[in-house]
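Survey of secondary and tertiary structure
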Amino acid sequence: ATSGWGFVFGYNDIDDHYLAITINDVWPRPAADGIGGPFVKIKKHNGRPMAPYIDATNNPFDTITHLDANGYNGTTMTDVPLEYEIKHPYATGTRFQETTMTLIVKDGEVRVMYPSPYEDRGTPINNIRQGNRMTATWTKHLPGYAGGQIGLFTGLCTAV
């Protein structure tokens, strides 16, 4: 089953807010920003109105940063601290485990993260470190951030 959850943050208006989200499936397909799931993303509302069908021509959100199966912002980085995944660890349709998602926003930097799944991925280092690794994405440049309200959301799933 498709699951999505995350934060709405820096909310000042329907056209002035950010999202920190994760999803465990390929939906929506095609993705309006071209980055299909599974992923974790940080996005900013760009002022365009919401439409019944969203594609690349009318997408009301700009993706600031993401982690997916291709890596951090589409590249496999080798200088990521070992505590962070270099690729999104969930296979399409894998169920999220009960976990805690953390959002940190400070001094123009934002980070969203949650513990990676506790499963053996076939390599000795993952057997040892798996419980300590985080699925995360972040940026040190948060354009136009002025603070605001924060909220939670789920999409096609049930919050526990």
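In case you missed it, the structure is sitting above this.
Just so it is clear, the structure is predicted and the values come from calculations on it, not from any experiment.

Quick notes on the rules
Residues numbered from 1 in each chain as written. Predicted model: local features only at pLDDT ≥ 70, side-chain atom pairs only at ≥ 80, totals over all residues. Heavy atoms only, no water. Helix = DSSP H or I, 4+ residues; strand = E, 2+ residues; numbered from the N terminus. Buried < 20%, exposed > 50% of the residue type's maximum accessible area, 1.4 Å probe, protein only. Areas by Shrake-Rupley, 256 points an atom, 1.4 Å probe, with all protein chains shown as cover. Pairing = 2+ DSSP bridges. Axes fitted to C-alpha atoms, helices over the stretch in contact; angles between N-to-C directions. Polar contact = N/O pair within 3.5 Å; in protein donor to acceptor, adjacent residues only side chain to side chain. Contact = heavy atoms within 4.5 Å.

A few words on the overall build of the chain. Helix and strand counts for the chain stand at 1 helix and 9 strands. Order of helices (α) and strands (β) in the chain, N terminus to C terminus: β-β-β-β-β-β-β-α-β-β. Split into buried and exposed, the 160 residues of the chain put 41% on the buried side. Of the accessible surface of the chain, which amounts to about 8,800 Å², a share of 54% is contributed by carbon and sulfur atoms.

Turning our eyes to something else, we now look at the sheet that holds strand β2 (residues 16–23). An order of β5-β4-β3-β2-β1-β9 is seen for the 6 strands of this open sheet, with the pairing classed as antiparallel. The open sheet is flanked by β5 (71–72) and β9 (149–155), the only strands paired with a single partner. Sheet topology note: the strand β4 (residues 61–68)/β5 ladder contains 2 bridges and is antiparallel. By the bridge assignment, Leu 67 is partnered in β5 with Tyr 72.

Pairing is antiparallel across the open sheet formed by 3 strands, whose spatial order is β6-β7-β8. The sheet is open, and its two borders are formed by β6 (102–106) and β8 (134–139), each paired with just one other strand. Averaged over all adjacent pairs, the angle separating strand axes in this sheet is 10 degrees, with direction ignored. Where β6 and strand β7 (residues 109–115) come together, 5 bridges link them in antiparallel fashion. In the strand pairing of β7, Thr 102 is matched with Met 113.

Mapped onto the secondary structure, Lys 41 falls in strand β3 (residues 39–45). A polar side-chain atom of Lys 41 sits 2.8 Å from a polar atom in the side chain of Asp 33. Sequence-distant contacts of Lys 41, that is, excluding residues within four places in its chain, are made with Leu 19, Ala 20, Ile 21, Asp 33, Ile 35, Thr 63, Thr 65, His 66 and Thr 137.

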